[in-house]
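Here is what each chain is made of, one letter per residue.
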Amino acid sequence: MQAHTGLGGFEFMPPPPPNYYDGVRRRAGDVLSEEQIKECQELGVLVDRDDQGVLLQIFTKPVGDRPTIFVEIIQRVGCMLKDEEGREYQKGGCGGFGKGNFSELFKSIEEYEKSLEAKQATAVVAV
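Looking up the protein chain in an unreviewed UniProt entry gives the name 4-hydroxyphenylpyruvate dioxygenase, with the organism given as Rhynchospora breviuscula. The Pathway (unreviewed entry) field of the UniProt record for the protein chain holds the comment "Amino-acid degradation; L-phenylalanine degradation; acetoacetate and fumarate from L-phenylalanine: step 3/6."

Put into structure tokens, the structure is as follows:
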């Protein structure tokens, strides 16, 4: 999704600080492998857990001239049932927002806004 092609691409919000992923190991280490947690860290994917399973989230940088609209990409791990033939499906009503990730999202938005302000200040000085 990051690849810039003729159709575009997405820039994602900056990843949380590395110590964020220490907590992920405590919360989701029995569901995600160490390799998966490491990949989440490399990509800046947020990881939350609730009674319905593990939620992986990443947010794009704002997609307009104001930092008010962004895209959230989520994946649930867990919350699955099996039908009579053994095929897995996600049970109805499962899902929702990762409440534990809200603070990380807002910190990331604040940092992004600061970087925009710094770029604007640099541009004014350069003129």
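Asks: I'd like a description of the packing of helix α1 (residues 20–28) against helix α2 (residues 34–43), backed by residues and values.
Replies: Where α1 meets α2, the axes come as close as 11 Å, and the angle between the chain directions of the two elements is 150 degrees. The pairing of α1 with α2 is recorded here as roughly antiparallel in orientation. When you trace α1 past α2, the crossing you get is right-handed. Across from Tyr21, Val24 and Arg25 in α1, the residues of α2 making contact are Glu34, Ile37, Cys40 and Gln41. Its residues assigned to classes, the contact of α1 with α2 comprises four nonpolar, one polar and two charged.

Asks: Give me the lowdown on the packing of aromatic side chains, citing residues and values where you can.
Replies: For any pair of aromatic rings, the description rests on two quantities: the centre-to-centre distance and the angle between the ring planes. In total, this model carries two aromatic pairs according to the counting rule given. With a centroid separation of 4.9 Å and an interplanar angle of 85 degrees, the aromatic rings of Tyr20 and Tyr21 are classed as edge-to-face. For the pair shown, Tyr20 and Tyr21 are each scored as buried. Pairing Phe59 with Phe70 gives two aromatic rings, centres 5.6 Å apart and planes at 75 degrees, and the pair type is edge-to-face. Of this pair, Phe59 sits in strand β2 (residues 53–59) while Phe70 sits in the loop between β2 and β3 (72–77), placing them eleven residues apart in sequence. Residue classification places Phe59 among the buried residues on the basis of a relative accessible area of 5%.

Asks: Can you lay out the environment of Gln52 for me, pointing to particular residues and giving the numbers?
Replies: Mapped onto the elements, Gln52 comes out in the loop between β1 (46–50) and β2. Here Gln52 falls in the partly exposed class, since its relative accessible area comes to 23%. Gln52 sits 25 residues away from Val77 along the chain, and the two C-alpha atoms are 8.8 Å apart.

Asks: Could you give an account of the nonpolar core, naming the residues involved and the relevant values?
Replies: In terms of nonpolar packing, the biggest core is built from 18 residues, with Tyr20, Val24, Leu32, Cys40, Val47, Val54 and Leu56 touching the most fellow members. Breaking this core down by element, the ones donating at least two residues are α1, α2, β1, β2 and α3 (102–126). Non-local contacts of Val24, meaning those with residues more than four positions away in its chain, are made with Gly29, Ile37 and Val47.

Asks: A description of the sheet that holds β1 should follow, citing residues and the corresponding values.
Replies: Sheet architecture is open: three strands sit in the order β1-β2-β3, paired in antiparallel fashion. Edge positions in the sheet fall to β1 and β3, since each has one partner strand and no second. Strand-to-strand twist across the sheet, computed as the mean angle between neighbouring axes with direction ignored, equals 25 degrees. With six bridges connecting them, β2 and β3 associate as antiparallel partners.

Thresholds applied
Residues numbered from 1 in each chain as written. Predicted model: local features only at pLDDT ≥ 70, side-chain atom pairs only at ≥ 80, totals over all residues. Heavy atoms only, no water. UniProt positions renumbered as here; feature names shortened; annotations may be inferred. Axes fitted to C-alpha atoms, helices over the stretch in contact; angles between N-to-C directions. Helix = DSSP H or I, 4+ residues; strand = E, 2+ residues; numbered from the N terminus. Parallel < 35°, antiparallel > 145°, perpendicular 65-115°, else oblique. Left-handed = near helix turned anticlockwise from the far one by under 90°. Contact = heavy atoms within 4.5 Å. Nonpolar A, V, L, I, M, F, W, Y, C, P; charged D, E, K, R; others polar. Phe/Tyr/Trp six-rings, centres within 6.5 Å; stacked < 30°, edge-to-face > 60°. Buried < 20%, exposed > 50% of the residue type's maximum accessible area, 1.4 Å probe, protein only. Core = buried A, V, L, I, M, F, W, Y, C linked by side-chain atoms within 4.5 Å. Pairing = 2+ DSSP bridges.

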